[in-house]
Number of protein chains: 2
Amino acid sequence: MTYCLGIINRAGLVLAADSRTNAGVDYISTYHKLFDFSIPGERVILLCTSGNLSVTQGVINLLKRELQTPETDNLNTFSSLYDIAGHIGAKIRQIHDRDREWLERDKIDASCSFLVAGQLPGEISQLYLVYSQGNFIQATPETPFLQIGETKYGKPILDRTLTYDSPMEAVAKCALLSIDSTMKSNISVGPPINLMMYHADTFAVRHKLTLRLGDPYLAKMRKSWEESLRQAFESMPDLEWKHQPQASDEDIFID
Amino acid sequence: MTYCLGIINRAGLVLAADSRTNAGVDYISTYHKLFDFSIPGERVILLCTSGNLSVTQGVINLLKRELQTPETDNLNTFSSLYDIAGHIGAKIRQIHDRDREWLERDKIDASCSFLVAGQLPGEISQLYLVYSQGNFIQATPETPFLQIGETKYGKPILDRTLTYDSPMEAVAKCALLSIDSTMKSNISVGPPINLMMYHADTFAVRHKLTLRLGDPYLAKMRKSWEESLRQAFESMPDLEWKHQPQASDEDIFID
């Protein structure tokens, strides 16, 4: 499994990904799922991948090869991130055309998804989710995040705390906690965690972070967070119980 | 969908359930999913239900009928909660024997699950999860909660904060927040929320709570919680970014 997360913000964007890949519970390995195709000073293009590893590696490989044959359309020739999202969708379809029938014959799931984030000259910074079918959606200020992979465990913290105007450092911490919550609840999501923060209009990703297993920051963060949650319970308003007499008069919970 | 949650504790137990039932997104209704079959002063038996409503209602109906024909085995004749969990499993199998073939013919999911919690004389308070197949597991101090239905959104807060020794009021607040997080992230889980807290060895459920849509406590709780989360971000240790020079020297995120 995988968990990757992109967040757009008035001030830029944040991308985060775990690194665990598994084929069953008895074959677990580590792969990067966060890729930086930026040309510093010119364009920022970040990708996250989820799903069948042979398919996502196939797509990344195609994208890299195209960069080495400059006469073809490639990540550096498009003038809009929207077109890049569509291009990645086309690459997914290309790999699926080649492999999917063979995978499905053995009931292997060929699905995958990509987050595409960044900024091209003349555009604001943007975030897209490209589905396994090659179609795609864009994050908007109303729902400023998109997730791929094991999305549920890490969603409540985003739903509760993120806005388009949250301070960037808080957004990055929120992304990290969202990944950490998922790692804690699903063993198929695991470290290292890769995190990137991009400030809009700088056209260079200056903030990167890799947190490995046993990283003291991860331990400190968890401790601080869990302590805060415990304090939060204490500051929550007291429950207003409907106190029952000795014998329950009327059983409100049976129809 | 549904989300129900049971938590055991050194001091007793807490059960919580939402009340939303849906057949697709265009048919949503409200049903109790938390049932109290206790005899105050003698035995405490609480049930939560999840899954196909005709099946769970069928099981509850069988259990009620048996209580009216005292010569049969029924919830009040068993001397152990373990046996009651097994009995409920048998009732699920009985309804499945009757209906499942007909449901599956139209690709309708007949699965369901139950939480069974309470205390019988001579036993400590206990919590079981009965699966759709009729088999069941018991909560233990190491993992003091069991969930049924839409379990993922509400799990991180339990994983992060619950222990077998947490104070009961904190456990109840935690259960409420776990349900509330799920409601916020999945529209097919919805109010009213029903909550029960049972203090071990009292043999009566004296704390019950129903929070309806728009209940001021729910709004207060959400506000307090979200405020606490924001403060928690602020008190989190600062991220130790690996600052990138103007042009990224080495791209650590590309293999």
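Residues numbered from 1 in each chain as written. Chains lettered and ligands numbered in written order. Predicted model: local features only at pLDDT ≥ 70, side-chain atom pairs only at ≥ 80, totals over all residues. Heavy atoms only, no water.

Okay, the pairing of strand β11 (residues 193-199) of chain A next. All names here are of chain A. Counting buried residues along β11, six of its seven residues qualify, which places the element largely inside the surrounding structure. Pairing between strand β2 (residues 12-17) and β11: six bridges, direction antiparallel. Residue leucine 15 lies in a different strand from β11, and its bridge partner there is methionine 196. In the sheet, β11 pairs with strand β12 (residues 207-211) via five bridges, with the strands oriented antiparallel. Each residue of the ladder has a partner; that of leucine 195, found in β12, is leucine 209. (Buried < 20%, exposed > 50% of the residue type's maximum accessible area, 1.4 Å probe, protein only. Helix = DSSP H or I, 4+ residues; strand = E, 2+ residues; numbered from the N terminus. Pairing = 2+ DSSP bridges.)

Moving on to the sheet that holds strand β6 (residues 44-51) of chain B. Neighbouring strands of a sheet are bound in pairs by backbone hydrogen bonds; such pairs are parallel or else antiparallel. Residue and element names in this part refer to chain B. Spatially, the five strands line up as an open sheet ordered β5-β6-β7-β8-β9, and their pairing is antiparallel. Both edges of this open sheet fall to β5 (34-36) and β9 (136-138), since each of them pairs with a single strand only. On average, each strand axis in the sheet is tilted by 20° relative to the strand beside it, whichever way the strands run. Here strand β8 (residues 126-130) runs beside β9; their pairing, made up of three bridges, is antiparallel. Residue leucine 129 lies in a different strand from β9, and its bridge partner there is isoleucine 137. (Axes fitted to C-alpha atoms, helices over the stretch in contact; angles between N-to-C directions.)

Let us look at the relation of the copies chain B and chain A. When chain B is brought onto chain A, the operation consists of a screw motion whose angular component is 180° and whose axial shift is 0.0 Å, with 0.0 Å RMSD remaining. Such a combination of rotation and displacement between the chain copies is what one expects of a two-fold axis. Minimal C-alpha distance to the rotation axis in chain B is attained by tyrosine 153 of chain B, lying at 2.4 Å. Taken together, the interface assignments show that 100% of the residues at the interface of chain B recur at the interface of chain A, consistent with an identical surface on both copies. (Least-squares fit on C-alpha atoms with pLDDT ≥ 70 in both. Contact = heavy atoms within 4.5 Å.)

The next subject is the pattern of salt bridges. Inspection of every chain in the model, using the stated rule, returns 32 salt bridges over all chains. Lysine 220 of chain A is the salt-bridge partner of glutamate 240 of chain B, the closest N and O atoms lying 3.5 Å from each other. Separated into two different chains, glutamate 240 of chain B in the loop between α5 (216-235) and β13 (242-243) and lysine 220 of chain A in helix α5 (residues 216-235) make up a pair that spans both. The class of glutamate 240 of chain B is partly exposed, set by a relative accessible area of 49%. With its nearest N and O atoms 2.9 Å apart, the salt bridge here joins aspartate 36 of chain B to lysine 208 of chain B. Of this pair, aspartate 36 of chain B sits in strand β5 while lysine 208 of chain B sits in strand β12 (residues 207-211); the two residues are 172 residues apart in sequence, bridging distant segments of the chain. Lysine 208 of chain B matches aspartate 36 of chain B in its accessibility class, with the two residues each being buried. (Salt bridge = Lys/Arg side-chain N within 4 Å of Asp/Glu carboxyl O.)

What follows covers the packing of aromatic side chains. Scanning the entire structure with this criterion turns up eight aromatic pairs over all chains. Where tyrosine 82 of chain B meets tyrosine 128 of chain B, the ring centres are 6.2 Å apart and the plane angle is 75°; that geometry is what we call edge-to-face. Here tyrosine 82 of chain B, found in helix α2 (residues 81-105), pairs with tyrosine 128 of chain B, found in strand β8; they are 46 residues apart in sequence, far enough to count as distant. The exposure class assigned to tyrosine 82 of chain B is partly exposed, which follows from its relative accessible area of 47%. For tyrosine 128 of chain B, a relative accessible area of 2% gives the class buried. The rings of Tyr82, Tyr128 and Phe136 of chain A are connected pair by pair, giving a single aromatic cluster. Residue placement shows arginine 105 of chain A over the ring face of tryptophan 102 of chain A; its charged tip is 4.3 Å from the ring centre. (Phe/Tyr/Trp six-rings, centres within 6.5 Å; stacked < 30°, edge-to-face > 60°. Lys NZ or Arg CZ within 6 Å of the ring centre and 35° of its normal.)

All names here are of chain A. Read across the open sheet, the five strands follow the order β5-β6-β7-β8-β9; overall the sheet is antiparallel. Bordering the open sheet on either side are β5 (34-36) and β9 (136-138), each of which pairs with just one other strand. Each strand of the sheet is rotated relative to its neighbour by a mean of 20°, with strand direction disregarded. In this sheet, strand β6 (residues 44-51) lies alongside β5 in antiparallel orientation, the contact comprising three bridges. Each residue of the ladder has a partner; that of leucine 34, found in β6, is cysteine 48. Where helix α1 (residues 53-68) meets the sheet, it contacts β5, β6 and β7 (112-119), and its direction lies at approximately 160° from that of β6.

Residue and element names in this part refer to chain B. The first and last C-alpha atoms of α2 sit 35 Å apart over 25 residues, in line with the 36 Å expected at 1.5 Å per residue. Of all the bends in α2, the largest measures some 55° and sits at aspartate 99. Within the span of α2, buried status applies to Leu81, Ile84, Ala85, His87, Ile88, Gly89, Lys91, Ile92, Ile95, His96, Asp99 and Leu103. For α2, the N-terminal cap is serine 80; the gap from its side-chain oxygen to the backbone nitrogen of tyrosine 82 is 3.1 Å. Just past α2, the residue lysine 107 takes up positive phi, approximately 55°. (Expected span 1.5 Å × (residues − 1). Bend = angle between axes of the 7 residues up to and from the residue. Polar contact = N/O pair within 3.5 Å; in protein donor to acceptor, adjacent residues only side chain to side chain.)

Function-wise, these values are silent; they only describe arrangement.
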